[in-house]
Amino acid sequence: MVRAFVESEGIPLYLVPRADIGVRLVQAPTRAARRQVLSDRFDAIVQDCTTVIDGCDDPMVATAVHFVRDGLGALGGGHHASAQAIFTLVLDTLIMEFFPDREQRRKITNRKPSDEVPEIIAEMGLLNIRFSERHEYCG
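Residues numbered from 1 in each chain as written. Predicted model: local features only at pLDDT ≥ 70, side-chain atom pairs only at ≥ 80, totals over all residues. Heavy atoms only, no water.

Student: So what's going on with the layout of surface pockets? Residues and values would help.
Tutor: For the second largest pocket, the calculated volume is near 150 Å³. Contributing to the lining of the second largest pocket are Pro59, Met60, Val61, Ala62, Thr63, Ala64, Phe67, Leu89, Val90, Thr93, Leu94 and Glu97. Looking at the lining of the second largest pocket element by element, the count peaks at 5 residues for helix H6 (residues 80–98). (1 Å grid on protein atoms, 1.4 Å probe; cavity = no way out; pocket = protein on both sides within 12 Å on 5 of 7 lines; lining within 4 Å. Points joined across faces, edges and corners; volume = space filled by probe spheres on them. Helix = DSSP H or I, 4+ residues; strand = E, 2+ residues; numbered from the N terminus.)

Here's what the structure looks like:
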């Protein structure tokens, strides 16, 4: 059920948000209801993201962590477009660093929403990034 939710809604549930918010999102009957949960719990979700990123001490993503903190600061301050720009830049940079081969990157970035998730994404190893603490989050 959770996997189908993540794939259909595009709302990731790995480490963030905390479990009670994740349950509310999955159980919300409509897209409008899910958007309402996100709106109602916005501050808690930003705090969850901050807590998780502050616990990331893996040198592999140290530079990205710095920029994600800046993005979260912008997001929490109501600067949504600035936050989105920072997060997009971080994601693009990480994809280029981890997958310098252009053809591999295309498998990640140039696919239709209806396409199956390519195996290369499963091989990205996000579950292997080290966090100093584990919290009560979905995932």
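That was the structure; now back to the text.
Student: Can you lay out the nonpolar core for me, pointing to particular residues and giving the numbers?
Tutor: Membership of the largest hydrophobic core is limited to 12 residues, which are Phe5, Ile11, Leu13, Leu15, Val16, Ile21, Leu25, Val26, Val37, Ala44, Ile45 and Val52. Breaking this core down by element, the ones donating at least two residues are helix H2 (19–27) and helix H4 (42–54). Dropping the residues within four chain positions of it, isoleucine 45 is found in contact with Val16, Pro17, Ile21 and Leu38. One finds Ile53, Val61, Val65 and Val90 within the second-largest nonpolar core, a separate group that totals 9 residues. (Core = buried A, V, L, I, M, F, W, Y, C linked by side-chain atoms within 4.5 Å. Buried < 20%, exposed > 50% of the residue type's maximum accessible area, 1.4 Å probe, protein only. Contact = heavy atoms within 4.5 Å.)

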